[in-house]
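Summary of the model geometry
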Amino acid sequence: MGVRHIGADVRRLEDPRLLTGRGRYTDDIRRPGMLQAAFVRSAHAHAAIRGIDLSAARALPGVHAAWALADLGSPLADGPMAQMAPSPLIKQDRVQHVLAKDEVCYVGEPVAVVIAESRHIAEDAAALVAVDYDTIPAVVDCRAAMEPGAPVAHRDAEGNLAAKLAVGFGDVEAAFTDAPHVFTVDLMQHRGGAHPMEGRAVLAEHDPETGKLTVHSATQSPYLVKRLLARLLKIDEQDLRVVAPDVGGGFGPKAVFYPEEAVLAVAAMKLGRPVKWAEDRREHFVATANQRDQHWRLEVACEADGRMRGIRGHVTHDNGAYLPYGLILAATALAPFPGAYALPSLSLTLDVVYTNTTPTTPVRGAGRPNAIFAVERTIDCIARNLGLDPAEVRRRNYIRPEQFPYVTGMKARDGSPVAYDSGDYEHCLDTALEMADSAGFAARQAEARSRGRYLGLGVASFIEDTGLGPFEGVHVRVTAQGGVHVTTGAASQGQGHATTLAQIVAEKLGVELGKVKVTSADTDSFGYGIATIASRTAVTAGSSAHLAATEVHDKAVRYAAALFEVEPDRIVLEDGMVKVAGTNQSILIGEVALALAGTIAQPIPAGLSPGLEATGYFEARATPHSSGSNVAEVEVDIETGAVHLLNYIVVHDCGRVINPKIVDGQITGGVVHGIGNALFEEMVYDAAGQPVSTNLGEYLLPTATEIPPIRIGHVETPSPLNPLGIKGAGESGTIPAIAAIVAAVENALQPFGVVVDRYPLNPERVVDMIDAARAATPA
């Protein structure tokens, strides 16, 4: 009998190879005659370049080239890189050159490149490059950047405003007129990085006989890299192959096209040798895109029972020195409104601001954690000021199940109305509170306080738009030996795509999971792809795999029906066989594939095309929305400021679950990312724009000792927007985590009157908040 694969706790097919050291990452690849690159990077946040002396570097034995921008020649030296995400809202579009031309605008901007026999020689030579800088005043704080007379991040700019965004719906003025209560919420959300185990890496090689340029890159977006690189180099895309091999984590910044990819491509063509570069950890801090630094000022109008009437406010968003990803990060900080709530009206504006810091692009969750933090802090503000239970305020404002599909009033990127497809937000919250034993928390908290210990409980709800279009395609082909080869453009950075796609295909075709092989992220193997970002691959590629496998299934059925002279509805596929149900008549699925591969003078049945294969492109015309609630229980040491996470609960709705083990792993990883955001991670710059947290001793990440027990519950409300009923899950753990943890800390410090309006909550900041609250309290 056939085995059900979808919904099964299948072990990841990728793991035996990866866990036994047989992974193949970009830096593992060796080529005969391969050279190594090192980059000279700006040591100043803002400066004019008066000259670059490369002579000492070029004279070092083992150096094959040392180049500044002009040395690269046309077309790279002709102008800046292309804008990845053009928008008419961009008032000042700043995209950097692949090497700085005559001005540097952040510490870490690439200025020159050295190519040598080894990375050691290249690094030594890079240190010999003499750059004559004329420093220019830098602007670091995005709020200060908007003040009259502030230094400009680019010396020829008209101010520091890159763009102004506005969203809204309903009658906000009416909502605030005669509102029983109006409360103000001020929030600061500081920037952080991605910090995957593997940094960025690029290997470029050029075949002079065929003219083929091949680039291996640790990227989330091989097709984007191919498209932009071909455009930048002015070569035909058929002469360019981009491969994302095993990638050791991405988390967003690896979705961006970077200068290093272009420079190495040109180096390989100019030198006629393969050239590789692998980012070191300091480079990741200063040269790979960061995220965050946002200041929010919101007002909420509400009824006496806590029901919201409207929210209005303004956000100042620091995009760093350039717009490498257009306005996507900034827009994503507004898009999740109104969260899980039936908000009648909204008016928000956002200023996208240039500063002399590393450019910002999405990190896990993109702007969604920022938006949900703002929404959830607003709910907690209402509860605090009205003396209500935060969970009850959420219940009174939730979108109810009978309201789905719920049109929020917001607009999607294409201008269409945003509609939430399905969910049960109150059930998720109640389940999470039950799992957290919230009913017994008051007693636990009181008992702890009697002994001088401060416990806190925080809740946060969220929604996430997932499965963003337009597509990720999948090709399914059955071989004559009965194997199944699945090919897709969707790149993987550890999400388990090979396993989930294999489960979908194996179930439809009735074959063993081990018979399915998945190849991905090679632009020569599959024609079109987008990117692995925004919790989209399960919906887009998963649905495409289902469509392709269904077509292959139906093709096998039609062949067998003709062969056995029965109606198609009597044919079943199971255990690697195509059978007539209830009889002994059967044929191996590989034999069907062999027959359809064609033999001289042997016609295949009419109406069937050659090969037991098909390509599926699911068109993602609407967006499934995941949802859920998190509950965090913490203990705060009021003397040291240390925050200890005692318990963490996630109740999550990602529709139909393909593989519970993989979903739980994704959610757990996302929560850990959120813990880092809430308590540890802070990319700090001094007043001159110098980064001061550029190693993992200064910039802290959570380790196993900081992670509490994380328990996960699933609520499955299938999405009606795709054939499998699935929603994304890759970022859902991160999105509400900051809000839940911050609320728990605030609850623990309630006796001191502490209101938490920023993160990360490092020990020093926690102690400062307690001291400030004590000082503000009358004796």
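Residues numbered from 1 in each chain as written. Predicted model: local features only at pLDDT ≥ 70, side-chain atom pairs only at ≥ 80, totals over all residues. Heavy atoms only, no water.

Broken down by element type, the protein carries 20 helices and 29 strands. Across its three principal axes, the protein shows a C-alpha extent of roughly 100 × 70 × 50 Å. Classification of the 779 residues of the protein by burial places 60% in the buried group. Across the protein, contacts joining residues at least 24 apart in sequence account for 80% of those joining residues at least 6 apart. (Helix = DSSP H or I, 4+ residues; strand = E, 2+ residues; numbered from the N terminus. Buried < 20%, exposed > 50% of the residue type's maximum accessible area, 1.4 Å probe, protein only. Contact = heavy atoms within 4.5 Å.)

Moving on, we get to the domain arrangement of the protein. Annotation of the protein at the domain level lists domain 1 (31-136 + 194-287), domain 2 (419-466 + 623-778) and domain 3 (468-619). Taken together, the contacts link 20 residues of domain 2 with 18 residues of domain 3. Of the roughly 1400 Å² buried at the junction of domain 2 and domain 3 (both faces included), carbon and sulfur atoms supply 65%. The tally of links between domain 2 and domain 3 comes to 0 salt bridges. (Domains from an automatic or database assignment. Buried area = accessible area lost by both parts, 1.4 Å probe. Salt bridge = Lys/Arg side-chain N within 4 Å of Asp/Glu carboxyl O.)

Tracing the sequence through the fold places Asn397 in helix α12 (residues 390-397). Discounting residues that sit within four places of it in the chain, Asn397 has contacts with Gly306, Arg307, Met308, Ala340, Tyr341, Ala342 and Ile379.

Time to look at α12. Among all positions of α12, only Ala391, Val393, Arg394 and Asn397 are buried. Here the buried residues of α12 occupy an arc of 160° about the axis, which is enough to place them on one side. Looking at the buried residues of α12, the elements they touch are β14 (308-318), α11 (368-386), α13 (425-435) and β18 (454-465). Measuring from the backbone nitrogen of Ala391 back to the side-chain oxygen at the start of α12 gives 3.1 Å, which picks out Asp389 as the cap. (Arc of directions from axis to C-beta. Polar contact = N/O pair within 3.5 Å; in protein donor to acceptor, adjacent residues only side chain to side chain.)

What follows deals with the packing of aromatic side chains. All chains considered together, the criterion is met by 12 aromatic pairs. Relative to Tyr699, the ring of Phe285 lies with its centre 5.4 Å away and its plane at 75°, an arrangement referred to as edge-to-face. With Phe285 in helix α9 (residues 281-287) and Tyr699 in the loop between α18 (660-679) and β28 (710-714), the pair connects residues that are 414 residues apart, well separated along the chain. A ring pair is formed by Tyr398 and Tyr425, whose centres lie 6.1 Å apart and whose planes are at 65°; its orientation type is edge-to-face. A residue pair is termed long-range when its members are at least 10 positions apart, and Tyr398 in the loop between α12 and β16 (406-411) and Tyr425 in helix α13 qualify at 27 residues. Like Tyr425, Tyr398 is buried. Pairwise contacts between aromatic rings join Tyr341, Tyr398, Phe404 and Tyr425 into one cluster. If you follow Lys270 out to its NZ or CZ, it ends over the ring of Trp67, 5.4 Å from the centre. One residue, Arg312, lies across the ring of Phe176, its end atom 3.7 Å from the ring centre. (Phe/Tyr/Trp six-rings, centres within 6.5 Å; stacked < 30°, edge-to-face > 60°. Lys NZ or Arg CZ within 6 Å of the ring centre and 35° of its normal.)

Reading across from one edge, β18-β26-β27-β28 is the order of the 4 strands in this open sheet, with mixed pairing throughout. The open sheet terminates on both sides in strands that have one partner only, identified here as β18 and β28. Ignoring which end each strand starts from, the neighbouring axes of this sheet average 15° apart. With 10 bridges joining them, strand β26 (residues 625-636) and strand β27 (residues 643-653) adopt antiparallel strand pairing. Bridge assignment links Glu635 to a residue of β27, and that residue is His644. Sheet contacts for helix α14 (residues 441-450): β18 and β26; angle to β18, the most-contacted strand, approximately 140°. (Pairing = 2+ DSSP bridges. Axes fitted to C-alpha atoms, helices over the stretch in contact; angles between N-to-C directions.)

Trp296, Phe337, Tyr648 and Leu749 are the most contacted members of the largest nonpolar core, which totals 107 residues. Ranked by the residues each element gives to this core, the list is headed by helix α19 (residues 737-748), at 9 residues. In this structure Tyr648 touches Asn630, Val631, Ala632, Val671, Pro708, Pro709, Ile710, Arg711, Ala737, Ala740 and Ile741, once residues within four positions along its chain are discounted. Val10, Leu501, Ala506 and Ala545 belong to the second-largest nonpolar core, a separate cluster that totals 45 residues. (Core = buried A, V, L, I, M, F, W, Y, C linked by side-chain atoms within 4.5 Å.)

In this structure the tally under the stated criterion is 48 salt bridges. The salt bridge partner of Asp156 is Arg94, with a shortest N-O separation of 3.0 Å. Of this pair, Asp156 sits in the loop between α5 (142-145) and β7 (161-169) while Arg94 sits in the loop between α3 (69-72) and β4 (103-104); the two residues are 62 residues apart in sequence, bridging distant segments of the chain. With relative accessibility at 53%, the residue Asp156 sits in the exposed group. Of the charged contacts, one joins Asp380 and Arg377 as a salt bridge, the two residues approaching to 3.0 Å between their closest N and O atoms.

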